[in-house]
Amino acid sequence: MFAIDHAATALLIKRRYHAVPMAPILISVQAMELAWVALNYLGVERTTTNSIVRSVADIHLAYMPYSHSVGSAIVAALAVWLIIEKGFRRPVLGRAIGLGILSHLILDLLTHGHDIVLWPGLASPRLGLGLYEAAPFAAFIVEFVYGVLCWGIYRGSRGLLALIVICNLANLSFFSAAIPGPESYLAGRPLLLVTVILVQIVVTLVFVGTLARRATFRPSANSALQLGRQISTGSAS
Ligand SMILES: [Zn+2]
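What you see is a predicted model; the values in this text were computed from it and never measured. (Residues numbered from 1 in each chain as written. Predicted model: local features only at pLDDT ≥ 70, side-chain atom pairs only at ≥ 80, totals over all residues. Heavy atoms only, no water.)

Student: Kindly report on the pairing of strand β1 (residues 46–49), identifying the contributing residues and their values.
Tutor: Of the two faces of β1, only one is covered, namely that formed by Thr-47 and Thr-49; the face formed by Arg-46 and Thr-48 stays uncovered. Taken together, the 3 bridges between β1 and strand β2 (residues 59–63) define a ladder with antiparallel strand orientation. By the bridge assignment for β2, Thr-48 is matched with His-60. (Buried < 20%, exposed > 50% of the residue type's maximum accessible area, 1.4 Å probe, protein only. Helix = DSSP H or I, 4+ residues; strand = E, 2+ residues; numbered from the N terminus. Pairing = 2+ DSSP bridges.)

Student: I'd like to hear about the state of the cysteines, residue by residue, with values.
Tutor: Under the defined criterion, the tally for this structure stands at 0 disulfides. Considering cysteine sulfurs only, Cys-167 is the nearest to Cys-150, which forms no disulfide, with 14 Å between them. A residue is classified by how much of its surface remains accessible, and Cys-167, at 18% relative accessible area, is buried. (Disulfide = S-S within 2.5 Å.)

Student: Before we move on, can you summarise the coordination of the zinc ion with the specific residues and values?
Tutor: For the zinc ion, the full set of protein donor atoms is Glu-33 (OE), His-68 (NE2), His-104 (NE2) and Asp-108 (OD), and the range of their distances to it is 2.0 to 2.2 Å. One can describe the site at the zinc ion as irregular: its 4 donor atoms subtend angles covering 87 to 177° at the metal. The sequence pattern formed by the donor residues of the zinc ion is E-x34-H-x35-H-x3-D. Here the residue Glu-33 occupies a position in helix α3 (residues 31–41), and His-68 occupies one in the loop between β2 and α4 (70–87), the gap between them amounting to 35 residues. Note on accessibility: Glu-33 and His-68 belong to one class, buried. (Donors = N, O, S within 2.8 Å, 3.2 Å for Na, K, Ca; no water. Tetrahedral: all angles 85-135°; square planar, octahedral: opposite > 155°, others 65-115°.)

Student: So what's going on with the packing of helix α8 (residues 158–170) against helix α9 (residues 190–212)? Which residues, and what values?
Tutor: The relative placement of two packed helices comes down to the angle between their axes together with the axis-to-axis distance. Interaxial distance between α8 and α9 falls to 9 Å at its minimum, and their mutual angle equals 160°. Taken together, the axes of α8 and α9 lie roughly antiparallel to each other. At the point where α8 passes α9, the crossing takes the left-handed sense. Facing α8, whose interface residues are Gly-159, Leu-160, Leu-163 and Cys-167, α9 presents Thr-204, Phe-207, Val-208, Leu-211 and Ala-212. Broken down by class, the residue content of the contact of α8 with α9 amounts to 7 nonpolar, 2 polar and no charged. (Axes fitted to C-alpha atoms, helices over the stretch in contact; angles between N-to-C directions. Parallel < 35°, antiparallel > 145°, perpendicular 65-115°, else oblique. Left-handed = near helix turned anticlockwise from the far one by under 90°. Contact = heavy atoms within 4.5 Å. Nonpolar A, V, L, I, M, F, W, Y, C, P; charged D, E, K, R; others polar.)

Student: Please provide a residue-by-residue account of a nonpolar patch on the surface, values included.
Tutor: Taken together, the side chains of Val-199, Val-202, Val-203, Val-206 and Phe-207 define a hydrophobic patch exposed on the protein surface, amounting to about 420 Å² of accessible area. Here Val-202 lies in helix α9. A relative accessible area of 44% means that Val-202 is categorised as partly exposed. (Patch = residues over 30% accessible without salt bridge, like charges linked within 9 Å, V, L, I, M, F, W, Y side chains within 5 Å. Areas by Shrake-Rupley, 256 points an atom, 1.4 Å probe, with all protein chains shown as cover. Salt bridge = Lys/Arg side-chain N within 4 Å of Asp/Glu carboxyl O.)

Laid out in structure tokens, this is it:
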């Protein structure tokens, strides 16, 4: 899944755990991607492209067993959750961050080509529904609808909706070989692709975080009551 829609997932988690600050939630939903960026720069993980890049189908996440395997994501989510809940005694924060890490795996499994292994060292099976390879435009629709759905559930501001719509539309050429776009410059330049994705991650996290503060969402009477209970029992983090 592209950066804007991973960032939009933070809205769902914030809606559920509204006492948790937005910053750690935003970082958690992109933790796997940030690890992927670092490991690509270090040469541990590898990305390749076809000689001509016309869409996301021509970009291959060839080797990323540490940042994007089912096992590493689950272990990281569990470890962070347990450390924060048991070690720092902040259970709500721990659950929100653990969920954020896990959300990235689930969303990538729904959209990626067959490039997510079960565990580092296992070459097969390689999971992923395969939308990016087989039906990139369907992936665009899925991502667009998902991003807007996150905004709707969060009851965000119009500015936040505009951000989600504009960022999804900006990626359109990546999802259709028929639409020319900047992706053609990425052919043979996998580290440029990594840098583009890093910039997208940072920009979308900062803007979603900023615009989410102007949300029209107000806790309902029920959730305000729940929040009051959490604070009085000391479980709010
Ligand atoms: Zn990812």
